[in-house]
Structure formats: C-alpha cells, structure tokens
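Okay, here's what each chain looks like letter by letter:
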Protein chains: 2
Amino acid sequence: MNANDTRHPATLSYEQAGVNYDLIDPLKVAAQRAAAATGAHLAAHGFSEVAASRGESAYVVDVGPFYIASIVECLGSKALVADEMSQLTGKSYYDGIAQDTIAMAINDLITVGATPLVVQAYWAAGGSDWFGDAQRAQALVAGWKRACDVCNVAWGGGETPALAGIVEAGRIDLAASCTGLINPKERLSVGDQLAPGDAIVLLASSGIHANGLSLARKLVERLPQGYLTEVQPGLTYGDALLAPTVLYSPVTEALYQAGITPRYCANITGHGWRKLLRHPGAFTYRIHSVPEVTPVLRFIQQHARQDDREAYSTLNMGAGFALFVKAEDAARTVQVAQAQGVAALVAGTVEAGAKQLVIEPLGITFGTDDLQLR
Amino acid sequence: MNANDTRHPATLSYEQAGVNYDLIDPLKVAAQRAAAATGAHLAAHGFSEVAASRGESAYVVDVGPFYIASIVECLGSKALVADEMSQLTGKSYYDGIAQDTIAMAINDLITVGATPLVVQAYWAAGGSDWFGDAQRAQALVAGWKRACDVCNVAWGGGETPALAGIVEAGRIDLAASCTGLINPKERLSVGDQLAPGDAIVLLASSGIHANGLSLARKLVERLPQGYLTEVQPGLTYGDALLAPTVLYSPVTEALYQAGITPRYCANITGHGWRKLLRHPGAFTYRIHSVPEVTPVLRFIQQHARQDDREAYSTLNMGAGFALFVKAEDAARTVQVAQAQGVAALVAGTVEAGAKQLVIEPLGITFGTDDLQLR
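In this convention, every chain numbers its residues from 1, walking through the sequence in written order. Note on labels: chains are lettered from A, ligands numbered from 1, in written order. Note on the predicted model: pLDDT of at least 70 is required for a residue's local features to be given, and 80 or more for side-chain atom pairs to be given and counted; whole-chain, interface and lining totals, by contrast, use all residues. Heavy atoms from the whole structure form the basis of all side-chain values; hydrogens and water molecules are not counted.

## Describing the interface of chain B and chain A
Any two residues whose heavy atoms approach within 4.5 Å at even a single point are treated as in contact. Taken together, the contacts link 80 residues of chain B with 80 residues of chain A. Summed over both partners, buried area is the accessible surface (1.4 Å probe) that two parts give up on being assembled. Across the chain B/chain A interface, buried area totals approximately 6,200 Å², and carbon plus sulfur atoms make up 69% of it. Considering only the side of chain B, the residues that lose the most area to chain A are Leu 27, Val 72 and Ile 166 of chain B, jointly responsible for 11% of the buried surface there. Should a side-chain nitrogen of Lys or Arg be within 4 Å of a carboxyl oxygen of Asp or Glu, the pair is scored as a salt bridge. The interface formed by chain B and chain A contains zero salt bridges. N or O atoms within 3.5 Å of each other form a polar contact, as long as, within protein, one can give a hydrogen and the other can take it, and as long as residues adjacent in sequence are counted only when both atoms are side-chain atoms. Summed over the shared surface of chain B and chain A, the result is 21 residue pairs in polar contact (both at pLDDT 80 or more). Elements with a contribution of two residues or more to the side of chain B that touches chain A: α1 (21-36), β2 (59-62), β3 (67-74), β4 (115-125), α4 (134-151), β5 (154-159) and β6 (172-182) of chain B. Runs of H or I in DSSP of at least four residues are treated as helices and runs of E of at least two as strands, each being numbered from the N terminus. Top element by residues in the side of chain B that touches chain A is β4 of chain B. It accounts for nine residues. Residue composition of the side of chain B that touches chain A, by class: 47 nonpolar, 22 polar and eleven charged. Polar here means any residue outside two lists: the nonpolar Ala, Val, Leu, Ile, Met, Phe, Trp, Tyr, Cys and Pro, and the charged Asp, Glu, Lys and Arg; Gly therefore counts as polar.

Shown next, in the form of structure tokens:
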C-alpha cells in the first residue's frame, strides 16, 4: 500500500529525522581529547591503557594477566516505538527492548576481543509510576535476564531512578554498561593485525536493531496506517521494527573456541555500512556479496525514498556485525556463526589502496569524507 | 528570613517530594532476584561472583589474580538545580555537576575495597541542541576530566545520545559507570570481617551531595527568594546545594597505602544515616559523636520542618561516607582522611546486639524497620 508516495515525494534523511550531529560533534571531540589525557592515570596503579582502543567501540586497559574492557551504551529511541505499539496492540514489548539495550553494550564490547562478564542496568524512568505497570516492568526484567543468559554474563545490578523533570513522564531512558576480559591477551582485536587479503564476514541482522529509529519513527507519519501498516502480509511495521537486536557474543565466543581470532570487528550501528570504514588504517574494503536486506529495512528505504547510497550509509541493511578474519578462516567463520543460529556470509576482502568501501553489487563507494566520526 | 514558616507549617517529607518507593520497590526486588540467578554464568568463563557483593553498592567478580568491581550510577535530579541557577545567575554549574555524577559511581565502587580504574560517561540530552551551549558543554567536559584527575581514573569514553521524546527538551540525564580492581584481594570489604568493637569513622560531606534533591527542590517553593534565598550571608541556597559531592577514593587509596583496610564501608546517599545499617549482619551501631551539620542541610531541615529523626533518615547531615575500621586503626584513619583534605571523626562503635543505629547525642534510634532496602 503506497498511497502516500505522491503526497510525500521527498527523501527523508537521517538528519531531517532530528539528530543534528553538527551540534554534538564539537562536544564529542572536546570530550575525546580530555578523556585521552586521563589515560596516564592508570600508571599510578601499575597499569596502562591500550592506546589503540581510544576511538574504538570499547576502552581497554592492560592489567597484567589480561585486558579489561568496559563500556556504557544507550538504547536510543527504540522504546518510543514499543510505547506506541503497546497503545495500539495492548502488548508489552519491553522484553525485546531489554535485549536491544544489552545488545548495544555487548556487541560493542566484543569488537575488541572481549568476553563480556558483567552487565549493569540503567533504567531511568520519568517517574515512579513507570514502574507501576507490572506487566511492562516484569517484561523488562525477564528480557534483561534472558539476554544475560544468552550471553553468559552476570547481571551485576544497576540503577532504577525516577527522574521526573528530566526524563519525560511515561518514558524510560535505558542503557547498559558492560565489563569484560580479553583473556588470553592474544584475543585483543584493535586492528593492528588487519592486512590486505583478509576476508570480511558479515553477520545477519534481525532488522533495524536499535539504530536509525529516529528515521523509522519519522517515517510513520507517511504511512497510511502508521505502525500497523504491513511490511509484509501478517507483519506490521511496528512489530518488524521491534525485532530484538541480535546478540553477537555467542558467535565471537564460539569463534574463540574454534581457534579463530578476528583481526578486527565492526559493530554496524549508526552510520550503517560506513562503520566498515572504522579501522584507522588505509585500506580498501571491497564487497562482492551483500546479504539479503531485511524486509523492514527495504520497506524503510522505499518509503523514505532513499537510494542505496543513503540507505547503506544509515541503516545496517541486513548486516549487523562485521568480522575481519584471515582469508583461510573465512569459510569456517561463516560455519561457526551459523552453528550459533546467526546467518553469515563472506562478503568481501580487505585490499591495499585508498581508504574506501566499495560495494560492487550496488555500485556504491564510500570514502573517508563519508565517515568523520570514529 | 522565615516569612513562609506560618504559611507552610507542615513537614515536607521525602515521599511528599515526589519519589514513591512503593512503586519502584517491587520491580527492584524482581530485578534483584533475576540478577542473582545470572551469577552462575561466570563459571562458564572460569570465574565466580563474590556472592556477598549482591546487595552491596558494587558487584564483585573473582577473576583469579584479583577481583573486578563494576557499577553504573545516576546523578539524579541535581542538574535541575544547576539549570535553575544558570537562569538566575548566568553561570554554568556543570563542572560541579560532572563531579557529582562521577562521585555517585566512585563513592559506591570504593565501598567494596576497589580502586577505581575506568569511568565511562553517560550524557543523554533532550536534543542535539543541549550540546550547542558551548559554555555549559565545556564545563561538563572540564569538570568530568578534573574529577577523573582527582581520582586517578582513566576516562574511557562514553555515550552522548540526543534523546528527544525521552529526555525532556533542554535537560540532560547524567550517569557514570565505573570499573575497578580489588588488588590485592585482601582489600575486599564486603563486611564479612565486621565485628563488635570496630570503630565507625565518618567522613565529612560538602553539603547535600546528590541525594535528597527532590526534597530540596520542592522546598524552593517555600522560600521567599527561591534559590537565591541566603543560607548564610553571601551564600545562596542554590549555590550551597550545588557544592560538588566529595570524591572519597583519594581517602580509601591513602588508607591502603597506610596499611589500613576498612572492614566495611557505607556510602551515605539516599536514606541518609539509615545507610549505616546497610551491613547484612545484626549489630548495634552506637554513635557517640555527630559531625557538624553542613549549613545547607540544617537550612533544609529547618525549612522543611523536619525533626532530627526525619532529617537523619533522609539527608547525610554532614557525613558523606562511613568507614568501619578496627578500633586500633580509628585515630589514624581520621588522620589519613584529613591529610587528603577530608574532615573526619571517630563517631561511634559497632556492638553486639540487636540491629539498630543509636545516635546518642540526638536520642534517635533506627531499627531494621527503617531500612528495608539494601
């Protein structure tokens, strides 16, 4: 049903959807600079930072027998979709939302080669009464625990403040912190070993995950039946958006058990496939095979009237996580992932050359101008 | 200036100020139960949790050569006071607010004997434009860095999402996660060694710290000049409230250097002095000396018309942190703290007997009914 196409002919970009990185980025740069200056404090305790982890998805400290990695990550605005859908269907979606939140932290932490050990919950509600909806609260607890079970992490505790005046009434700000170990130290993957000839293995996403939701929510205004518009027969846009993010740590742990150490990893979140350019070195990443695009992402692309270039620069387009492995490990990496129930494919190779991502099947090239942020 | 006394004769309690623990507590209990069931996952990695840390302020995992402690903590509503005061004075208070946020995490983490190593920043704004106020943003960055410098921790990174629709426009939800080591393992203090005869040393607070702010903000409605009402000549209520929370890790680190290992610690936050009853064992805590009450806390008590019992059960009343040490270490503990610039006093003793806190100089007794939450 495309009744709105002619009424809303314009492309809807991520910036139009309300996130202005021009305002945030100067603060980020100032914060990164100040943070970098504090790494030397670790010497007072006999430790040191892994400098290459600055700018990576998780921060790594060398404490002698192993490395410690830590992170805090935010869910973002996906809970707003759950709230809207609850109004429409009467169901609670917070079990999946809990998994999304943990996935944001876990999937970043594992990029550096860490085994996640402890997750802390940060659930800041707009008022005490948020917690009074027992069904929703219990779903959040149950989903949080199940995600910890899947990832074999301990849920250490957390914080459940009621923040009236800061968090909006009826809403909740969800985040997770995670601490893990890189053990043995050879598992460290901060990119220093990445080399031409390495293979790029992409792990399938389950949908939009938790990035691009501002765009997805904005798009609802264009849809004839809003969140209840069908993406495919029997599956509403809202339900499709709320598919929980894949937890990738079972794959990275299984890879270790199989003797495969990725040489670099990229969690494909904000900035979509441009995240494949995250590594600081100068390489050309040549993609020869793209994964099937999840229906909800194809639906967003079509209704937002984005061309492939814009879609792949914003959304994960079916690939939630990238593993850069030695060429000889590529096929087995796919097998190990699939044994964990995560579809995967050998998508391309790392080549010497200018820093760029070439998605050959789509005729798209992203260069360094396309990813200023690490 | 007490012009409002006759118009507002009623006591203002913490519950009246808007936080309804009856709604939050069932969720907390369910979460704690689910979390406890996940501790066994650590065995898959060859590790184990320190079970006694469940219910303590930080979660502790035994990873062999040492323990790892981790935590996430929220600032709470103190930033709202900074926002109000900025409107009134044109100043930015976010350097102090940054310290408050880090103190929430650090001061909890050290209770278990941990040396804080890495702090992560969680700054969730109501929109990108929050970060557009360069003065405020830079103050937040500078204050965050300075607090890291004071505590000798590395600022690992963090998250700066713009969460329109979840966080209120113009506001920011601030939190910090912290990871540390208990090293050597003998520094672990989860209370198993606490014994009758131990001394209670109280470390001075700088003011309200970041707990009781809902009450403090509610009280403003009763004050003739609001936040600009003077607490003492030349010091407004708003400025007094915004005194940054003391960072106590320099004291606990100096104690270790001095050969003193606390047998238990309590960070005095929400629930005020009832936190002295936090230890799970059955002891009587007899206080023979109370510290001087910070002027802003005395002011709140008077204007909220709280008796001592209510005030000490809500606010820190001049004591921000409690160290339970062997009697022979008590005097030196005070000296070590004062050498770090933190006033301290030997305030009482741990005795065999019913679980209660007896504040003798004030004729107050708190029993187990007064602290359901750990």
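So, next bit.
## Things to note about the pairing of strand β7 (residues 199-204) of chain B
Residues and elements named next belong to chain B. Exposure classes here rest on a 1.4 Å probe applied to the protein chains alone. A residue is buried below 20% of its type maximum, exposed above 50%, and partly exposed in between. Among the six residues that make up β7, five are buried, leaving the element largely enclosed by the rest of the structure. Bridge count for β7 against strand β13 (residues 344-352) is five bridges, and the pairing is antiparallel. Note that in β13 the partner of Ile 200 across the bridge is Gly 348. Relative to strand β12 (residues 319-325), β7 is paired through six bridges, and the arrangement is antiparallel. Across the sheet, residue Ala 199 finds its bridge partner in β12, namely Val 325. Two strands qualify as a pair provided DSSP detects at least 2 bridges between them.

## A look at the pairing of strand β15 (residues 364-367) of chain A
Side-chain direction in a regular strand flips from residue to residue, so the side chains alternate between the two faces of the sheet. Residues and elements named next belong to chain A. Of the two faces of β15, the one holding Ile 364 and Phe 366 is buried and the one holding Thr 365 and Gly 367 is not buried anywhere. Where strand β14 (residues 356-359) and β15 come together, four bridges link them in antiparallel fashion. By the bridge assignment, Gln 356 is partnered in β15 with Gly 367. Between β14 and β15, which pair antiparallel and follow one another directly, the connecting turn spans four residues, one of which, Gly 363, has a positive phi of 65°.

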